[in-house]
Every structure is written in C-alpha cells, then in structure tokens.
Amino acid sequence: MPAEHGPAGRPPVPVGGRPPAGTGPARRAPGLPGPAVPKSAGDGRAGSGAAAGEPSGGPAAGGEVWPQPVLRLLATGGDRPVFEDGDRIVDAAEMSALVRRIAAGLRAAGIGPGTGVALRLGVTPEAFAAVVAAFAVGARVSGLRPELPPTPLERLLGSDDVLLVDDARLAALADTPDDGTPLVAAGRPTDIARITWTSGSTGSPKGCAQTYAAMSAAWAPYPDRWPPAIAALAPRLGRYLVFGSLSSQVMLEYGILTLAAGGTLVAARPPGFPGMITRHRATASVITVGKLHQLVRDQRTDPVDLGSLRALVVSGSPLTASRLAEALEVLGPVVFHGYGQTETGMIAMVTPAELLARPATLASVGRAPAVVDLSIRDADGRPAAEGELYVRTPAQATAYWADPVETADVFTDGWVRTRDLARLDTDGYLHLFGRVRDVIIVNANLVYAGPIERVLAADPSVAEAYVVSRPDDVTGEAVHAYVVPAAGHVPDAGRLRARVVAALGPAAAPKTVETIARVPVGPSGKPDKRALGAPASPESSDGRRTAAGR
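Counting from 1, residues in each chain are numbered in the order their sequence is written. It should be noted that, the model being predicted, local features are given only for residues of pLDDT at least 70 and side-chain atom pairs only at 80 or more, the latter also being counted only at that level, while totals for whole chains, interfaces and linings use all residues. Side-chain measures here rest on the full set of heavy atoms in the structure, leaving out hydrogens and waters.

## Things to note about the overall build of the chain
Tallying secondary structure elements over the chain gives 17 helices and 24 strands in all. Partitioning the intrachain contacts of the chain with sequence separation of at least 6 by distance along the chain shows that 69% fall at a separation of at least 24. The Shrake-Rupley method, run with a 1.4 Å probe, gives the accessible areas here. Residue values count only the displayed protein chains as cover. Accessible surface, the chain: about 21,000 Å² in total, of which carbon and sulfur atoms supply 55%. Put simply, DSSP H or I for four residues or longer makes a helix, DSSP E for two residues or longer makes a strand, and each gets a number counted from the N terminus. Here, residues are in contact when the closest pair of their heavy atoms is within 4.5 Å.

Written out as structure tokens, the structure reads:
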C-alpha cells in the first residue's frame, strides 16, 4: 500500500533492526514531529492537489496505526464472507480469530516492533491472515515471491535479520491458542513497516522501505479518503481475484480496498485469464498489459462469457491508446488504467467512463488524485513542460533498505524521482513518453538491463553484450539481447539464457539472443542501443541470428 516519509531529514530507525541508509531530507509523516515543507516547495513546478507539506492522512488524521482499520473491519464483520478458497468460505469473525492466533504465535517467537518477518506464502486464508498479523504485532514485513530463485533469495535474506515464514511455519503459528483478546496494532509510526523487494540496477534485490506512519496514511481502508477514480472502482470489487502473492503491494492494496468496499477476496485456482473469471464468477482483477493483450485476443477468436466482470485494473507497463481502445471495445467499460510505482503507490488512474467520454484520455494514464503532487523537470532540475516526473504522494517510501546510493538518487528533498518522462495536458491528464533509466517491464516487474548485460558478457563466448526492450503481446515488454562473439567462439543462445535465469531469475531471461558483428555507435562514438531496439530483421548485420525461445 502507499507509504509516507518519516521525520524530515532522517530515516526512521527500527529498534532492534538496521536503519535504511542514506535517506535524504524527507517530508514529515502526519502526526510526527518535524518541520513541514512550506507551501512554496517545488519552486513553482506543476502540481496537482494539496500544497506541499499539508498532511492528508496518517495517525494524526485517523488516530490509529496500520492495520487497525483492517483489524476492526474483521472484528466487527461477523459472518460476512471475506475470503473464498474453493469450497472453503472464511467469514470475518473466523479471519479475525485466525489473525489473533498467528499474531500470538509471532509474539511467542519473539516478533514485535523493530523485528523482521519475511513471508514466503501462497494464496490462502492463512496467508492473508499472516500478512495482517505480522503488521499487527508491529514487525518489519517483507513479502517474498514464491518463485524467487535461490540466488536472489539468499541475497535478500542476507540483507536483513528476519524470521522466514513459509507454509510449514505458518501452520504451526495458526495452531497457537487464541484467548479472544482484541488485537491492537502495535506498530510505532517511525518504524519500518514494510520492505517491498524489486529487482535492482546492480542485480541484487532492492527494498522499498515504508514506515507505519506511511501505511497508516493509505487510502484503501478508509472510504472517506478514496480518490474519485478509486471511489468509482470500489463498488465493482464484489468478488476480487487474488493470486501470486498476498503480500504483493498491488494485490494487498486492492485486496484491502475490496474488504473496505464490502467485497470478498477469491483465490484464483488455477490462475489464468479468462478461465479464472468465468470459473469464480469474478467481478474484478488486476491484470498486466501482456495478459490484457492475450485476453482481448482470446475474446476475439474464442469468446467466453465474461458477464460477471466489472473491473480490470491494468498497470505495470506502457499501454498504447490503440490497444486500450481495443480492450474497451472487446471487453466493455471495465478497464481502469492505472499508473504508480513501488516507491509511491498510485500516482494516477483513468476510469472507463472517462475513457469513453473523452477519447483523448486514451493516450494518458489519468489524472492524479488531489493529494498527489507532480513536478516535471528538465535535465537540470528546472520546471519544464516535458521532462522527468517527480512525485510526492500522501504516502510514499522513505528509502531503499540499506542502499544509500540508490536512496540518494531517487529520494530527493521530499520528492520521488520516477525516472519516467512525462507531460501534463491542459486538462490535467498525465502522459508518459519514455524513461530515464534502462529498464524493461516484464509482467509488471522491473528488469534492469545492466545486470543482464554483465551476466551475458561474463560468458567466455561473448565479447560484448547489449540488452534492449521491445513491446510484447504476452509480457507487455520483453528482454532482447545482442551479443558480439569472442574471437573463435559461437555463442549458444540456450546456454546464455540459462545463465541469466540462474543468476537473475526467469523474468530477466532474454526472449531472443541475437549475434551481431558489432554494435551500432552514435555520433559520440558510444554504443547506440536505440538502433538495436528497432524491430529485429530476419537476419542480423552479419547474417547470423540465434533466438532463445521461452
């Protein structure tokens, strides 16, 4: 869920844990001491919403700490269904008791404020309860993708002192006796509440650190805080599909929104469009751009009844206006196009009603909520009509965990650098047109080109390696690699792809590996990867091409 900065000028220091290093000046969290940013902050840059420094949520506004609103919702929900897993339906009272038992088990294991928990769990009622319980005891919570390869997993676990909770440990925690005492959220506002791990520019996992003040400032559990686009989405979340990982930032955010809107979380078994919609009579789901393309294509060639569907929240990688228009034509007025980042939470969203009423909005990612500030700057940091987008949300990350270099680069004077190029139109709609950073977004996961290039270049058969992004109907974007062979060698695409998978995981695997005699160069004499990024011809410049299939 979205997060907020801790006290201005310093990172929050979790008791019993290491602080994230290198945090620069930051906006204060609501309800915490520290100077507010003056209303003139931002130096006249384009903005949308509250003046800088005006708190818009958090403990001061709500008087409670995350996840207290969720605990209250479950404790008072009675027999209302909140989680459906096949034939098993768990009501609010049962889920509340499950959360209490797991929380008691965590406390018995020494977990509380300032200590770390890493959740490596599937999609079950117990897994959802574990996420809520870990926050309830005030722990520093990390969610691990179940498919994370061993090498990145070892790096990640080595970066923090945590208790690893997998399905086996969770079963034991859930057997802890429940004395029925109501849970009260134990998180301390300045402690780190969550570390969301993403791929990093060096190939090592990068953790976005959010405080309990940040999580408390989130809008999802509070209907009176919902931005207009979210207020339009919420009534459609009657049966919201959950899959992948319940500790995923997006999956959890819309899951909590579903519960606050009176809906039910429905485990997708097995996951996959369109089957999980029809099988579970689902009304809503998140979807990546690649999966949306597939769903539209399937509905054109072999349509199924999607009559229950009322909302698809699509984000994660660029979606062209023509593809968005096609999705609306084929699927109906159900597509919500959102834009956000792990560091910021939701930045903007456009609703189906807007898209249909104003076709020009198809080329945008929507308007930012009133409480989100936008700043567009040129390469020298000056206000510009087009340039790099900086964002300040009511709830944003504080730093990258134990990564002072990345922290200093991205978190600047209370703003978050998105590394995306953008402009605002006259109606306040945000348009994206490129990136500052060298990344590929594969199935909504950031994949950095640099680490892939280094892994490929380390192979004895490769002299040089270059990686670019291309649009992909399956994954939204895909990794494409070009290698210059070492003297006397012929690179093997399959072996190179396997090296990348072993080192960085399957999302980083090149869809194609093309052998070239030399890399194109620009006027400066430097490699011109933009020339490589053009659609591939049947043959490379030296007449040889090898492709690594999926």
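More follows now that the structure is in view.
## Details of helix α15 (residues 449–457)
Of all 9 residues in α15, 7 are buried, a share of seventy percent or more. Three exposure classes are used, based on accessible area relative to the maximum for each residue type with a 1.4 Å probe and protein chains only: buried under 20%, partly exposed in between, and exposed over 50%. Those residues of α15 lying buried are A449, G450, P451, I452, E453, V455 and L456. Against the buried residues of α15 lie β20 (439–442), β21 (445–448), β22 (462–472), β23 (476–485), α16 (493–504) and α17 (529–532).

## Digging into helix α2 (residues 68–75)
Counting buried residues along α2, 6 of its 8 residues qualify, which places the element largely inside the surrounding structure. Along α2, the residues that are buried comprise Q68, P69, V70, L71, L73 and L74. Where α2 is buried, its residues contact β1 (81–85), α3 (92–108), α4 (125–136) and α9 (249–260).

## Description of the sheet that holds strand β3 (residues 116–119)
Neighbouring strands of a sheet are bound in pairs by backbone hydrogen bonds; such pairs are parallel or else antiparallel. Taken in spatial order, the 6 strands of this open sheet run β5-β3-β4-β6-β7-β16, and their pairing is mixed. Since the sheet does not close on itself, it has two edges, and those belong to β5 (162–165) and β16 (399–400), each with one partner. Judged from the 6 bridges that link them, strand β6 (residues 192–198) and strand β7 (residues 206–211) form a sheet pairing that is antiparallel. Among the inter-strand pairings, W197 is bridged to a residue of β7, identified as G207. Each pair of strands is called paired provided DSSP finds at least two bridges between the two strands.

## Details of the nonpolar core
Think of a nonpolar core as a cluster: buried Ala, Val, Leu, Ile, Met, Phe, Trp, Tyr and Cys residues, connected wherever their side-chain atoms sit within 4.5 Å. Ranked by size, the top nonpolar core spans 97 residues in total, and within it F83, M95, I102, F128 and L257 carry the most contacts. The biggest single contributor to this core is α4, with 10 residues. By size, the runner-up hydrophobic cluster in this structure holds 18 residues, among which are V447, A449, I452 and V483.

## Some thoughts on the packing of helix α11 (residues 289–301) against helix α12 (residues 321–331)
Lines fitted to C-alpha atoms define the axes here, with helix axes fitted over just the stretch in contact, and angles between the N-to-C directions of these axes take values from 0 to 180 degrees. Where α11 contacts α12, the two axes come as close as 10 Å, and the packing angle between them is 45°. When the interaxial angle is binned, α11 and α12 end up oblique. Considering only the axes of α11 and α12, their crossing is left-handed. Of the residues in α12, those in contact with L292, H293, L295, V296, Q299 and R300 of α11 are R323, E326, A327, E329, V330 and L331. Under the convention adopted here, Pro, Cys and the residues Ala, Val, Leu, Ile, Met, Phe, Trp and Tyr are nonpolar, Asp, Glu, Lys and Arg are charged, and Gly plus all remaining residues are polar. When the residues that make up the contact of α11 with α12 are grouped by side-chain class, the tally is 6 nonpolar, 2 polar and 4 charged. Small angles under 35 degrees read as roughly parallel and large ones over 145 as roughly antiparallel, with 65 to 115 read as roughly perpendicular and the rest as oblique. Each helix crossing is assigned a hand: it is left-handed if the near helix lies turned anticlockwise from the far helix by less than a right angle, otherwise right-handed if that turn is clockwise.

## Focus: the environment of A282
Inspection of the secondary structure assignment puts A282 in the loop between α10 (275–280) and β10 (284–287). Residue A282 is classed as buried on the basis of its relative accessible area of 1%. Separated by 27 residues in sequence, A282 and L309 place their C-alpha atoms 6.0 Å apart. Leaving out residues up to four positions away in the same chain, A282 has contacts with R239, L241, M276, I277, S308 and L309.

## Here we look at the pairing of strand β2 (residues 88–91)
As defined by bridge partners, β1 adjoins β2 across 4 bridges and the pair is classed as antiparallel. The partner of E84 across the bridge, within β2, is I89. Between β1 and β2, which pair antiparallel in sequence order, lie 2 residues; one of them, G86, sits at a positive phi of approximately 65°.

## Observations concerning the packing of aromatic side chains
Two aromatic rings, drawn from Phe, Tyr or Trp (for Trp, its six-membered ring), form a pair once their centres lie within 6.5 Å of each other, and the interplanar angle then sorts them: stacked below 30 degrees, edge-to-face above 60, tilted otherwise. Following the criterion strictly, the structure yields 5 aromatic pairs and no others. Ring geometry for F83 and F128: centres 6.4 Å apart, planes at 45°, overall tilted. Separated by 45 residues along the polypeptide, F83 in strand β1 and F128 in helix α4 bring together distant segments of the chain. Accessibility expressed as a relative area gives 2% for F128, which makes it buried. Judged by centre distance (6.5 Å) and plane angle (90°), the ring pair of F243 and F273 falls under edge-to-face. Here F273 lies in the loop between β9 (264–267) and α10 and F243 lies in the loop between β8 (239–242) and α9, a separation of 30 residues in the sequence. In this structure, F243 and F273 share a single accessibility class: buried.

## Thoughts on the side chain of R377
On the secondary structure map, R377 appears in strand β14 (residues 373–377). Asp and Glu count as negative and Lys and Arg as positive, but His and the ends of the chain are not part of the count. What counts as a salt bridge is simple: a side-chain nitrogen of Lys or Arg found within 4 Å of a carboxyl oxygen of Asp or Glu. No salt bridge is formed by the buried R377. Its closest oppositely charged neighbour is D413, at 6.2 Å. The definition of a polar contact used here is a pair of N or O atoms within 3.5 Å, where within protein one atom must be able to donate a hydrogen and the other to accept one, and adjacent residues in sequence count solely through side-chain atom pairs. Within polar-contact distance, the side chain of R377 engages the side chain of S375 at 2.8 Å.

## Focus: the side chain of S364
By secondary structure assignment, the location of S364 is in the loop between α13 (352–357) and β14. The exposure class assigned to S364 is buried, which follows from its relative accessible area of 2%. At 2.8 Å, the side chain of S364 forms a polar contact with the backbone oxygen of T361. S364 has contacts with H337, Y429, L430 and H431, leaving out every residue within four places of it along the chain.

## Details of the pattern of salt bridges
One pass over the full model with this rule turns up 23 salt bridges. Across the pair R358 and D427 runs a salt bridge, and its minimum N-O distance is 2.6 Å. Of the two residues, R358 is situated in the loop between α13 and β14 and D427 in the loop between β18 (415–424) and β19 (430–435); the sequence distance between them amounts to 69 residues. A relative accessible area of 39% means that D427 is categorised as partly exposed.

## Re the pairing of β22
The sheet contact formed by β22 and β23 spans 10 bridges and is antiparallel. Looking at the pairing, Y466 lines up with Y482 of β23. In this antiparallel pair of consecutive strands, β22 and β23, the connection spans 3 residues.

## Some remarks on the packing of α15 against α16
The interhelical angle for the contact between α15 and α16, taken along N-to-C directions, is 125°, at an axis separation of 9 Å. As judged from the angle between their axes, α15 and α16 are oblique. Our pair here, α15 against α16, has a crossing hand that is right-handed. Taken together, the residues of α16 that come into contact with α15 (itself represented by P451, I452, V455 and L456) are L496, R499, V500, A503 and L504.

## What to know about the environment of A108
Inspection of the secondary structure puts A108 in helix α3. Taking relative accessible area as the criterion, A108 reaches 71% and is therefore assigned exposed. With 65 residues separating them in the primary sequence, A108 and L173 have C-alpha atoms 9.3 Å apart.

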